[in-house]
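Understanding the architecture of this molecule
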Amino acid sequence: MSAPAPLDTHEALALLPEPGQQPPPASVGPAYKACIEHLSRALAEHFRHHRDADRVVRLRAELIGTVLARSWTEFALDESAHALVAVGGFGRGELHPGSDIDIAVILAAEPTADERHRLERWLTFLWDTGLEIGHSVRTAEECATQARDDLTIVTNLMETRLLAGNPAPLAEMQRLTAPARMWSAPEFFAAKLAEQAQRAARFGDAAGQLEPNVKDGPGGLRDVQTIAWVANRHFGGGDLEGLRRHGFLTAQEFAVLDEARRFMWQVRMALHLVAGRRVDRLLFEHQREVAGLLGYAGEGNTAIERFMRDYYRTTRELAALCEMLLGLFRQAVLEPAQAAETRTLNRRFQVCNGAIEARHPGIFRHRPQALLELFLLLQQHPEIEGVRATTIRLVRENLHLIDDDFRADIRSRSLFLEILRQPRRLGDELSRMHRYGVLAAYLPVFAHITGRMQFDLFHAYTVDEHTLRLVRNLRRFSYPLEPDDQPRLCREALERIPKLELLYIAGLFHDIAKGRGGDHSELGAEDAVRFCSDHGFGHFDTHVVAWLVRNHLLMSATAQRKDIYDPAVIAEFARQVGDQVHLDYLYLLTVADIRATNPELWTSWKASLLGELYAATRSLLHKRPGSAPARAERLAALREEARALIAQRQLHLSSNRLERLWNGLGEDYFLRHRAEEIAWHAEHVLPAAETDLPVVAVRHVAERGCLAIFVYARDAARWFALTTATLDALQLDIQDARVLTTADGYTLDTYTALEREGGHDAGAPARLEDLRARLRHALVHGESPAAPRAAGLRRKTRHFRVKPQVSFFRDEHRRSVMEVIAADRPGLLADVGDALAHHDVSLIDARIATFGERVEDYFYISDHAGRPFTDADGQERLRARLLETLA
């Protein structure tokens with residue numbers, strides 16, 4: 001970045017006519033518009049070259065103020081006794097490219113008819129020049145009346161500067177709205193605290209959300225402004241520098257706060273320039289260009305991820321500083337009026353007015369382990385409401401004491417483990433330790449993932465935020481806040497866990513090595529082993545933690561990518577797990593991990609998949625070692641259970657026809673379907689005549705939270721492509737597809753699908769009948785309905801680059817499997833189906849997995865004769881067609 005250069009704005013201002021030279025407004029309008037456009041281009045160009053947001057923001061406010069003052073004179077309003085005043089951010093002398101220009105005309109008296117006419121023409125003129133003006137026209141008394149009942153108005157009127165006209169009305173307004181007359185410092189502070197809480201609820205309290213709001217999100221610019229507003233009301237004016245002079249900020253805190261504020265100004269200015277308008281949410285579609293404008297470089301997503309990591313670290317630091325400063329204000333503004341209530345906890349800490357505080361300023365220097373003891377006491381005393389601001393400051397000032405000697409001290413290690421073993425507030429206090437910098441100081445490997453994001457739609461939070469949410473989820477299995485916090489199987493597994501702290505440690509370390517290169521599961525397991533060794537864990541406990549970190553993706557991958565109704569799959573998974581203890585630990589970690597990755601990921605369907613895998617594996621582990629249910633035994637049990645369901649439903653199906661149907665379907669059919677599906681299929685297949693084909697049935701499976709779609713028809717090459725295209729057009733997301741072709745040329749296809757978010761009521765009878773009728777119509781006529789537009793999905797997905805990949809391999813049963821990795825989009829499965837049909841390849845089974853903008857689908861395929869599809873030339877032709885289609 002080159003050194004700051006002079007910014008000449010005289011050329012732009014010279015475009016303005018001298019007041020009185022020409023009659024307004026028509027003749028001077030183009031000149032003013034040209035001047036404003038010239039100024040905007042010059043300021044934007046200066047920022048692009050020098051990235052000096054401070055100068056541009058302040059100079060823009062000054063220059064727009066000059067333009068407004070000139071226009072005020074142009075309309076002879078300077079001859080009146082009224083005042084033209086900048087308010088809000090414009091009044092502070094700050095104006096970003098897309099920010100509103102807030103002004104107030106403060107009337108000295110009721111305007112004359114001529115003055116009112118000129119004011120109306122002037123305001124219209126300003127809008128015609130392209131300025132986005134927010135304005136009010138009131139007397140000083142009217143300003144006071146409005147401000148008395150409106151926090152936003154009084155806040156705006158606290159930050160004013162005269163642009164043109166008579167200063168007397170402004171002075172009167174300031175007198176009437178002073179803290180002595182309305183909104184005293186305590187009242188104002190309490191209202192701002194409530195406003196901040198509402199903002200946090202509206203924008204979310206997760207500082208690691210991946211499309212953050214630069215202005216109003218946690219640690220955003222609004223937090224800095226809130227501090228300045230409260231200081232202004234309390235001290236009667238001033239800015240952040242004034243806080244340092246008044247002793248509310250140390251020199252170091254001021255430097256950190258000012259640097260963070262400057263960075264956020266850079267981001268907001270770049271965002272406005274990239275978007276070409278006011279946009280305060282850092283959307284995926286802007287992040288790449290904003291990163292480039294701010295000088296971040298690198299291949300792929302490296303630049304974005306480096307930029308966003310700096311962003312998250314900055315907002316985390318801002319949020320922590322603002323929490324401390326608001327606490328200091330609370331102590332200075334609210335508490336002097338009340339007697340302090342103190343209660344001693346021990347020689348180091350006491351409770352003052354409901355919050356914990358150090359009993360003297362040197363406590364951490366004299367006993368560094370108190371930096372951990374503080375959080376343990378908060379867990380042990382749930383009645384304590386928080387930490388006193390003065391103590392937060394002491395913690396921040398003494399973080400340097402957490403060094404290698406501190407971490408090696410048995411007292412420190414014992415305290416940290418005691419925190420993990422507490423029955424309450426584990427998630428809250430780990431998050432607090434992270435906010436104050438203690439967690440990353442004690443676990444340096446955690447510092448590496450702080451603020452680290454992955455530029456995709458699958459991971460909704462930064463790695464550190466995700467990790468803390470995972471541990472919080474694990475804790476809530478024991479102490480649920482909502483009924484959904486404690487699924488039944490989780491409760492049962494939790495009761496058998498011998499040591500909960502092993503689960504929490506695995507949660508802390510499961511993603512600790514992300515971003516280092518290599519396999520993060522293996523590297524994280526090595527970190528976990530070091531931690532356990534340092535903290536005195538035995539060999540078995542260390543092995544459990546390391547195994548969990550190394551295999552934390554095993555259960556979700558098995559459930560989503562393999563046929564969990566296949567006994568061989570269950571047997572292999574059981575072999576990898578080994579015993580009930582490892583299974584319980586892994587199941588709990590997997591559920592907590594998925595729920596902490598993205599709020600939209602955890603569905604009833606996903607819960608049922610994991611639950612069925614868990615139950616099947618538990619059942620197998622409880623049999624004698626190494627045993628697995630005999631194939632014939634399992635087939636017989638499935639048939640018997642299906643017969644019982646048919647009898648229970650009083651379907652009155654012919655036993656002989658049922659046996660002939662089942663005998664013709666083969667063993668694979670029974671191994672790939674549950675008993676209730678087998679009974680459901682028979683219910684629709686046996687009564688159907690040839691003229692009834694294709695038969696389509698749709699039902700809602702409430703316990704799995706999904707729709708089941710069954711198609712029975714004469715086999716045809718494009719059935720899969722046509723069915724998936726139709727279901728996609730009907731706003732269903734396919735999760736699973738099982739395709740079976742009989743020896744006599746019939747196909748029995750079963751699909752599992754979910755309604756898209758915001759879609760229809762999945763269980764409504766009318767919806768089920770509509771789906772059945774429209775799918776059958778499409779199959780009969782060979783044409784799927786047109787898909788509705790999905791603008792929201794395209795807005796997000798089009799900014800992610802997923803290179804399509806197609807590969808072939810043989811599974812443990814020697815079946816041919818085609819893996820397709822590509823960007824998610826409507827019609828993808830239909831395109832795959834068309835490609836398979838074009839190359840005369842049959843689909844047997846499909847596992848559909850979507851990870852944000854990315855799909856990783858597995859297709860079990862065969863050649864036209866039902867043999868494994870192993871022809872290398874044929875695979876290459878199919879791959880080439882798919883890569884061309886999916887590009």
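Since this is a predicted model, take the numbers as computed values, not measurements.

Turning our attention to the packing of aromatic side chains. If you walk through the whole model with that rule in mind, you get 22 aromatic pairs. Across from the ring centre of Tyr461, 4.0 Å away, lies the NZ or CZ of Arg469, which sits over that ring. Across the ring face of Trp680, the terminal group of Arg699 is positioned such that the distance to the ring centre comes to 4.5 Å.

Glancing now at the sheet that holds strand β3 (residues 133-139). Within a beta sheet, neighbouring strands are joined by backbone hydrogen bonds and run either parallel or antiparallel to one another. The sheet built from four strands is open, its strands ordered β3-β2-β1-β4 with mixed pairing. Two strands lie at the open edges of the sheet, namely β3 and β4 (160-165), each paired on one side alone. The sheet shows a mean angle of 25° between the axes of neighbouring strands, direction not considered. Sheet topology note: the strand β1 (residues 83-87)/β4 ladder contains five bridges and is antiparallel. Paired with Val87 across the two strands is Thr160, which belongs to β4.

As a further point, take the packing of helix α32 (residues 631-648) against helix α33 (residues 655-665). Two elements in contact, α32 and α33, have axes separated by 13 Å at closest approach and are oriented at 140°. Between α32 and α33 the crossing geometry is right-handed. Contacts between α32 and α33 pair Arg639, Ala642, Arg643 and Ile646 from the former with Leu658, Glu659, Trp662 and Asn663 from the latter. Class assignment of the residues belonging to the contact of α32 with α33 gives a composition of four nonpolar, one polar and three charged.

Turning our attention to the pattern of salt bridges. With the rule as written, the count across this model stands at 67 salt bridges. Lys499 is paired through a salt bridge with Asp541; the nearest N and O atoms lie 2.5 Å apart. Placement of Lys499 in the loop between α24 (488-496) and α25 (500-509) and of Asp541 in helix α27 (residues 539-550) is noted, with a sequence separation of 42 residues between them. Taking relative accessible area as the criterion, Lys499 reaches 35% and is therefore assigned partly exposed.

Looking now at unusual backbone geometry. What you tend to see is this: most non-glycine residues have negative phi, and most peptide bonds are trans. Omega for the peptide link from Leu693 to Pro694 comes to 0°, which places this bond in the cis form. Assignment of secondary structure puts Pro694 in the loop between α35 (675-685) and β9 (695-701). One non-glycine residue, Ala76, lies in positive phi territory at about 60°. One non-glycine residue with positive phi stands out, namely Gln731, at about 70°. Note that Gln731 resides in the loop between α36 (719-729) and β11 (732-741). The class of Gln731 is partly exposed, set by a relative accessible area of 25%.

Further remarks concern the pairing of strand β17 (residues 854-862). Here β17 lies mainly inside the structure; eight of its nine residues are buried. Here strand β14 (residues 816-823) pairs with β17 via eight bridges, running antiparallel. Residue pairing for β17: Val820 is matched across the bridge by Asp857. Summarising the sheet, strand β15 (residues 842-847) and β17 pair through five bridges and their orientation is antiparallel.

A few words on the sheet that holds strand β5 (residues 342-344). Read from one edge to the other, the open sheet built from four strands follows the order β5-β6-β7-β8, with strand pairing classed as mixed. Taken across any chain shown, the strands that pair with only one partner, and hence form the sheet edges, are β5 and β8 (386-387). Note that β5 and strand β6 (residues 349-352) share three bridges and pair antiparallel. Each bridged residue has a counterpart across the sheet, and for Thr344 the counterpart in β6 is Gln350.

What follows concerns the environment of Tyr504. With respect to the helices and strands, Tyr504 occurs in helix α25. Here Tyr504 falls in the buried class, since its relative accessible area comes to 1%. Along the primary structure Tyr504 and Arg421 are separated by 83 residues, whereas in three dimensions their C-alpha atoms are 9.0 Å apart.

Tracing the chain through its elements places Arg407 in helix α18 (residues 404-408). Taking relative accessible area as the criterion, Arg407 reaches 19% and is therefore assigned buried. A distance of 2.5 Å separates a polar side-chain atom of Arg407 from the backbone oxygen of Ala441. Contacts of Arg407, omitting those with residues within four sequence positions, involve Ile402, Arg413, Ala441, Tyr442 and Pro444.

What counts, and at which threshold
- Residue indices follow the written sequence of each chain, beginning from 1 at its first position.
- Owing to the predicted nature of the model, reporting of local features is limited to residues with pLDDT of at least 70; listing and counting of side-chain atom pairs is limited to 80 or more, with chain, interface and lining totals taken over all residues.
- Only hydrogens and water are set aside; all other atoms, that is, all heavy atoms of the structure, feed into the side-chain values.
- Working definition: rings of Phe, Tyr and Trp (its six-membered ring) pair if their centres are within 6.5 Å, and the pair is stacked with planes under 30 degrees apart, edge-to-face with planes over 60 apart, and tilted otherwise.
- The criterion for a charge sitting over a ring is simple: Lys NZ or Arg CZ within 6 Å of the ring centre, and within 35 degrees of the ring normal.
- One bridge is not enough; two strands pair if DSSP finds at least two bridges between them.
- Each helix is a run of H or I in the DSSP string that is no shorter than four residues. Each strand is a run of E no shorter than two, and both are numbered from the N terminus.
- Axis lines are fitted through C-alpha atoms, for helices just across the contact stretch, and the angle between N-to-C directions can take any value from 0 to 180 degrees.
- Should the near helix be turned anticlockwise from the far one by less than a right angle, the crossing is termed left-handed; should it be turned clockwise, right-handed.
- What makes two residues a contact is simply this: any of their non-hydrogen atoms within 4.5 Å.
- Just so you know the grouping, Ala, Val, Leu, Ile, Met, Phe, Trp, Tyr, Cys and Pro go in nonpolar, Asp, Glu, Lys and Arg go in charged, and all remaining residues, Gly too, go in polar.
- Here, a salt bridge means any side-chain nitrogen of Lys or Arg that lies within 4 Å of a carboxyl oxygen of Asp or Glu.
- Relative accessibility thresholds used throughout: buried, under 20% of the residue-type maximum; exposed, over 50%; partly exposed, between the two (1.4 Å probe, protein chains only).
- In protein, a polar contact means a hydrogen-donor-capable atom and an acceptor-capable atom, both N or O and within 3.5 Å, with residues adjacent in sequence counting only if both atoms are side-chain atoms; elsewhere, any N or O pair within 3.5 Å suffices.

Don't take any of this as a statement about function, it's just geometry.
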